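Analysis of the macromolecular model
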Amino acid sequence: MSLVRRATPEDAPEVLRLRQVMIDALPGGDSSTQWQALARPALEERLGELDGDFAAFVVDHPRRPGALAALVAGTVDYRIGRAGSPHGRSGYVFSVATDPDARRRGYARACMEELLAWFRERGAAQVMLTASAEAEPLYAALGFVHKPDPTMTLRL
């Protein structure tokens with residue numbers, strides 16, 4: 001049985017909390033949290049759309065009932081087709097976060113693997129993300145490679 005599950009609307013407060021963990025770790029990140037109340041309704045709606053272009057995968061915290069240990073979220077979007085991606089579907093990973101007390105247990109990797117499978121099911125020919133220096137080894141181990149800009153890409 002996998003520890004990873006698809007996030008549901010009920011997970012929205014924890015998804016927002018972990019997104020803030022990620023934001024706080026970014027250079028120049030904004031530590032304010034007032035935006036979360038405004039973001040929550042739209043996030044709940046998107047988490048309820050199982051056939052949409054957005055998905056979040058999570059791992060429940062092993063020691064804190066009701067809390068999440070890890071989060072990975074991404075979207076499939078359309079870009080005009082090109083060689084290697086004639087249908088124009090690309091995946092984009094935009095939130096990867098692990099609770100500080102749950103790190104180094106493979107949770108982010110497990111969530112990423114589920115998100116990559118979800119991208120494949122939706123016909124994405126590539127996946128893009130921006131990597132922090134700390135997370136870059138994980139992405140490289142999953143097959144992502146550097147492009148000339150800071151975006152990394154994985155061919156599916």
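This text goes with the structure placed above it.
Residues numbered from 1 in each chain as written. Predicted model: local features only at pLDDT ≥ 70, side-chain atom pairs only at ≥ 80, totals over all residues. Heavy atoms only, no water.

**What about the environment of Ala108?**
Tracing the backbone through its elements, the reader meets Ala108 in helix α3 (residues 107–121). What makes Ala108 buried here is its relative accessible area of 15%. In sequence terms Ala108 and Val58 are 50 residues apart; their C-alpha atoms lie 8.5 Å from each other. The contacts of Ala108, once residues within four sequence positions are left out, are Ala70, Val72, Val96, Thr98 and Leu138. (Helix = DSSP H or I, 4+ residues; strand = E, 2+ residues; numbered from the N terminus. Buried < 20%, exposed > 50% of the residue type's maximum accessible area, 1.4 Å probe, protein only. Contact = heavy atoms within 4.5 Å.)

**A few points about α3**
One full turn of an α-helix is made of 3.6 residues, so residues set three or four places apart face in the same direction. Its 15 residues give α3 an end-to-end C-alpha distance of 21 Å, which sits within 8% of 21 Å, the value for a rise of 1.5 Å per residue. Listed as buried for α3 are Tyr107, Ala108, Cys111, Met112, Leu115, Leu116, Trp118 and Phe119. The arc that holds every buried residue of α3, seen down its axis, measures 165 degrees, which confines them to one face. The first or second residue beyond α3 is Gly123, which carries a positive phi of 80 degrees. (Expected span 1.5 Å × (residues − 1). Arc of directions from axis to C-beta.)

**What to know about the environment of Gly88**
Mapped onto the secondary structure, Gly88 falls in the loop between β3 (68–78) and β4 (89–98). Owing to a relative accessible area of 1%, Gly88 belongs among the buried residues under this scheme. C-alpha of Gly88 to C-alpha of Val76: the two residues are twelve residues apart in sequence and 9.9 Å apart in space. Setting aside anything within four residues of it in sequence, one finds Gly88 in contact with Asp77, Tyr78, Arg79, Ile80 and Gly81.

**So, the nonpolar core**
Burial of nonpolar side chains together is a common tendency in soluble globular proteins. Judged by nonpolar contacts, the single largest core of 29 residues is most densely connected at Val93, Met112, Phe119, Tyr139 and Phe144. The set of elements that each furnish at least two residues to this core consists of β2 (54–60), β3, β4, α3, β5 (126–130), α4 (136–141) and β7 (151–155). Here the element with the most residues in this core is α3; it accounts for eight residues. Apart from the residues within four sequence positions on either side, Val93 is in contact with Val72, Ala73, Gly74, Met112, Leu115, Phe119, Val127, Met128 and Leu129. (Core = buried A, V, L, I, M, F, W, Y, C linked by side-chain atoms within 4.5 Å.)

**What about the side chain of Gln36?**
Within the secondary structure, Gln36 is located in helix α2 (residues 35–48). Excluding residues that lie within four positions of it along the chain, Gln36 makes contacts with Leu16, Arg17 and Gln20.

**So, the pattern of salt bridges**
Under the criterion given, the structure shown has twelve salt bridges. Between Arg5 and Asp11 there is a salt bridge, and its shortest N-O distance comes to 2.7 Å. Taking relative accessible area as the criterion, Arg5 reaches 26% and is therefore assigned partly exposed. In this structure, the salt-bridge partner of Arg5 is Asp60, at a minimum N-O distance of 2.8 Å. Here Asp60 lies in strand β2 and Arg5 lies in strand β1 (residues 4–6), a separation of 55 residues in the sequence. Judged by relative accessible area, which is 37%, Asp60 ranks as partly exposed. Connected via shared salt-bridge partners are Glu14, Arg17, Arg63, Arg64, Asp99 and Asp101. (Salt bridge = Lys/Arg side-chain N within 4 Å of Asp/Glu carboxyl O.)

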